[in-house]
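# What the coordinates show
So you can see what is in the structure, the chains are spelled out below.
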Amino acid sequence: MLRTVFYLLVVFLLMPVPSSLLETEYHGTCQDLCGELKQLRERVHQQAAALSEIKKKLVYLENESAGRPKVAFSAGLPAGRHGPFNTETTLIYSRVLTNIGGAYNRQTGVFTAPVSGVYYIRFTGAAYNTNSFNMGINLYKNNFILLHLGEGSKDGVLRHVSSGLALQLKAGDIVYLRLYANYALYDDHLFRNTFTGFLLFPS
């Protein structure tokens, strides 16, 4: 009985596969490959379209940036003590680190907006061994004071203050810092007192 079963199994395994079955498997494999190739082709087209859009946006941003004025400055006070003075005095930040666009005047300490737009203005102040007098700074736009920042208490040897504003300026508006009467600041090679500004966007 076992010999008969074994013989039949061998005969079955040695039987040729019908050509119709092979053709069915071949066509099925071909269809699968063609489907995958079609999907890959569609993905390539989609990625090419996305890349084209990215290139268009980059060209637009480059052209927009090329037409936008570049304005940025940063300067520090000369080393030493400044003040106290009997009257409010404009601070002249003569140690210029950056002055792209040339809108900051190192002789007068005044920044003049070259174009209308929104600017970010920032400043820092420092005083050393100033317990005998106050320290602080006034920020001006044209002839109007925008803010005062300072310390009037006796709280240590070295004191720092800092602040910043986003300002909408018209072309020709000026911004500068002044030292309040009887106040004093101190600076050294570390640029403790700085006046900084840059154009965020024109308007």
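Cut-offs and rules
- Residues numbered from 1 in each chain as written.
- Predicted model: local features only at pLDDT ≥ 70, side-chain atom pairs only at ≥ 80, totals over all residues.
- Heavy atoms only, no water.
- UniProt positions renumbered as here; feature names shortened; annotations may be inferred.
- Helix = DSSP H or I, 4+ residues; strand = E, 2+ residues; numbered from the N terminus.
- Buried < 20%, exposed > 50% of the residue type's maximum accessible area, 1.4 Å probe, protein only.
- Contact = heavy atoms within 4.5 Å.
- Areas by Shrake-Rupley, 256 points an atom, 1.4 Å probe, with all protein chains shown as cover.
- Salt bridge = Lys/Arg side-chain N within 4 Å of Asp/Glu carboxyl O.
- Pairing = 2+ DSSP bridges.
- Axes fitted to C-alpha atoms, helices over the stretch in contact; angles between N-to-C directions.

In the nomenclature of an unreviewed UniProt entry, the protein chain corresponds to Cerebellin-1 from the organism Ictalurus punctatus. The annotation that UniProt attaches to the protein chain under Subcellular location (unreviewed entry) is "Secreted".

### Let's talk about the overall build of the protein chain
Secondary structure assignment for the protein chain yields two helices and 13 strands. With 203 residues in all, the protein chain has 28% of them scored as buried. Residue pairs at least 24 apart in sequence account for 73% of intrachain contacts in the protein chain once pairs closer than 6 positions are excluded. A total of about 13,300 Å² of accessible surface is found on the protein chain, and carbon and sulfur atoms cover 60% of it.

### Brief notes about the pattern of salt bridges
Scanning the entire structure with this criterion turns up three salt bridges. In this structure, Glu 88 engages Arg 178 in a salt bridge whose closest nitrogen and oxygen atoms are separated by 3.8 Å. Taken as a pair, Glu 88 in the loop between β2 (80-82) and β3 (89-90) and Arg 178 in strand β11 (residues 174-179) lie far apart in primary sequence, 90 residues in all. Overall, the relative accessible area of 22% leaves Glu 88 in the partly exposed class. For Arg 178, a relative accessible area of 21% gives the class partly exposed.

### Notes on the sheet that holds strand β4 (residues 95-100)
Spatially, β4-β1-β13-β7-β10 is the arrangement adopted by the five strands of the open sheet, whose pairing is antiparallel. Here the strands that pair on one side only, and so sit at the sheet edges, are β4 and β10 (158-169). Sheet twist, expressed as the mean angle between neighbouring strand axes with direction ignored, is 10 degrees. The pairing of strand β7 (residues 117-128) with strand β13 (residues 194-202) spans seven bridges and is antiparallel. Within β13, the residue paired with Ile 121 across the bridge is Gly 197.

### Quick look at the environment of Ser 203
With respect to the helices, strands and loops of the structure, Ser 203 is situated in the segment after β13. Taking relative accessible area as the criterion, Ser 203 reaches 59% and is therefore assigned exposed. In the structure, Ser 203 is positioned 87 residues away from Ser 116 in sequence and 5.7 Å away in space, judged by C-alpha atoms. Beyond its immediate stretch of four places on either side in the chain, Ser 203 contacts Ser 116, Gly 117 and Gln 168.

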